[in-house]
Amino acid sequence: MNHYDMLVIGSGPAGRRAAVQSAKLGKTVLVVDKGRRLGGVSVNTGTIPSKTWRETVLNLSGWRERGFYGLGYRVKQDISMDDLRQRLQKTLDYEIEVLKNQFMRNGIKSIHAAAKFLGPNRALLTTDLGDMTEVEFDHALISVGTRPFRPDNIDFTNPRVTDSDAILDVAALPRSLAVVGGGVIGVEYATIFSALDIPVTLIEPKTSILDFVDQELVSDFMHQMRDRGMTLKLGTAVREVVAKPDCVEITLSDGRQVRAAMLLYAAGRSGNVESLGLDVVGITANARGQIAVNKETFQTAVSNIYAAGDVIGFPSLASTSMEQGRVAACHAFGRHLAAPPQTFPYGIYAVPEISTVGLTEEEVKASGKAYECGVARFKETSRGHIMGVNSGFLKLIFALDTRRLLGAHIVGEGATELIHIGQAVINLGGTVDYFVENTFNYPTLAEAYKIAGLDAWNRMGAPQPVQS
Ligand SMILES: Cc1cc2nc3c(=O)[nH]c(=O)nc-3n(C[C@H](O)[C@H](O)[C@H](O)COP(=O)(O)OP(=O)(O)OC[C@H]3O[C@@H](n4cnc5c(N)ncnc54)[C@H](O)[C@@H]3O)c2cc1C
């Protein structure tokens, strides 16, 4: 029987990081994944594909240049699904090559099979062909991720109905699109397709979208969506979807109807826990297939079995999953780490981008803390003029008593990169004076931090001199 120090089930961001960290600590590691290729949802159907499509669409449509050359500007006139697929294929091949190489260099074994627990130190691996192997392990990490939730009242066998996995395989770009789900995935795809001049309707049962984001950003973002012709149907759910020869007809709970050539259902995901044999080891999952863990160590109810990534629920990001996997591996092998900062960034790769870190204005208000905001519009920066950027802004929130930065929120070009300045200042305990006293490269979009800092500083005043 094969024995490993660490058995990793699932090769997405959490599993990959845990495997590499365990190997770096000199441990033997086996990664088991039942998917077609290594890399998990992140590489194969989620993060990398959607971001590659987005980049392709922005490049070929000339989106970033329209502020300068006008709304009619296009780099390529007829963009097809093949254009999107070609770049995606190359990107994925490269990502997987890098991953395989990383496993090889670190002596990590991987196998294409489904894993099922037989006990707290034993698992059964079954290949697609039905071959079975038993393995023993000292520690295991459950990083099996999630799959799109498919409600019973929607027929996903209809070729006009798709989800965020299957969308990568649709034959051609639709003439119109209805997206159900105003969360990150729904909003990203809705705006990417809209940037291709495809009429898009976004349907969301709640009365707003992206409810964890600062509402000032959300209203600016929704304004931008409506401004370019997207239809938002908020506060209404899907009651019925009927397939017609040339479209899907979606009846909403308020009686309104939406017709579209394709429906993308992107509302919720469920953990892949059913076939893991969790009951054999005494681990339970909730109704959404999420496993409870110790939030510091990522141990499940069984101390040598860890869980990380989307299968443990919030925040369900590739970025946070990687860290969770690394922390779990370090804990398993006695490398204790300092507690990570509570604050981490969210990147929403919609068109335009949104990124946010720390407290929203609504959260600060609810806490009763006295605060001041500073705002900078990208069009106020010279870099913004050069780039032809005519929308987007940065909002900083500072505590009045300590002058510390509490939150940074950006909508617009480069938001997901720029946010890390705000993240560093928050996590290092920086104040408004950091932005005012420091020199920023010029011309950059990052200069918006200086402008927003000054905007707040002008109302907050200079810091009180220290009494000697
Ligand atoms: C469309 C989309 C866009 C996204 N964009 C972003 C983004 O921009 N930024 C970001 O940070 N995050 C993004 N995410 C989220 C990100 O993809 C996930 O947070 C991340 O992939 C979760 O990683 P994971 O380690 O939990 O495993 P996953 O990536 O979910 O992989 C799990 C793996 O486990 C395997 N598996 C399941 N069951 C078994 C079993 N019994 N035996 C063996 N193997 C098994 C599966 O085959 C799969 O390969 C996006 C997600 C989607 C769907």
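Before reading on, note that the structure itself is shown above.
For clarity, every value in this text was computed on a predicted model and none was experimentally measured.

About the criteria used
Residues numbered from 1 in each chain as written. Predicted model: local features only at pLDDT ≥ 70, side-chain atom pairs only at ≥ 80, totals over all residues. Heavy atoms only, no water. Helix = DSSP H or I, 4+ residues; strand = E, 2+ residues; numbered from the N terminus. Buried < 20%, exposed > 50% of the residue type's maximum accessible area, 1.4 Å probe, protein only. Core = buried A, V, L, I, M, F, W, Y, C linked by side-chain atoms within 4.5 Å. Contact = heavy atoms within 4.5 Å. Pairing = 2+ DSSP bridges. Axes fitted to C-alpha atoms, helices over the stretch in contact; angles between N-to-C directions.

1. Overview of unusual backbone geometry
A cis amide bond, omega 5 degrees, links Phe314 with the succeeding residue Pro315. Along the chain, the position of Pro315 falls in the loop between β17 (305-307) and α9 (318-332). For the bond from Val351 to Pro352, the omega torsion is 5 degrees, close enough to zero to count as cis. Relative to the elements of secondary structure, Pro352 occurs in the loop between β18 (346-348) and β19 (354-358). Within the chain, Leu210 stands out as a residue other than glycine whose phi angle is a positive 45 degrees. With respect to the helices and strands, Leu210 occurs in the loop between β10 (200-204) and α7 (215-227). Look at Ser316: it is not a glycine, yet its phi comes out positive at around 55 degrees. Assessed through its relative accessible area of 36%, Ser316 is described here as partly exposed.

2. Considerations on the nonpolar core
In a soluble, globular protein the nonpolar side chains are often hidden away together inside. In terms of nonpolar packing, the biggest core is built from 50 residues, with Leu7, Phe117, Ile142 and Ile305 touching the most fellow members. Excluding residues that lie within four positions of it along the chain, Ile142 makes contacts with Ile9, Phe117, Leu276, Leu278, Ile283, Ile291, Ile305, Tyr306, Ala307, Ala308 and Val311. With 48 residues, the next largest nonpolar core counts Leu168, Val218, Met225 and Phe393 among its residues.

3. Looking at the sheet that holds strand β22 (residues 405-411)
With antiparallel pairing, the five strands of this open sheet are ordered in space as β18-β19-β22-β21-β20. A single partner strand is all that each edge strand has here, and the edge strands are β18 and β20 (371-377). Each strand of the sheet is rotated relative to its neighbour by a mean of 10 degrees, with strand direction disregarded. With six bridges connecting them, strand β21 (residues 393-399) and β22 associate as antiparallel partners. Bridge pairing in β22 links Phe393 to Val411. Its contacts with the sheet place α7 against β19, β20, β21 and β22, and it is angled at close to 5 degrees to β22. Where helix α14 (residues 447-460) meets the sheet, it contacts β20, β21 and β22, and its direction lies at approximately 140 degrees from that of β20.

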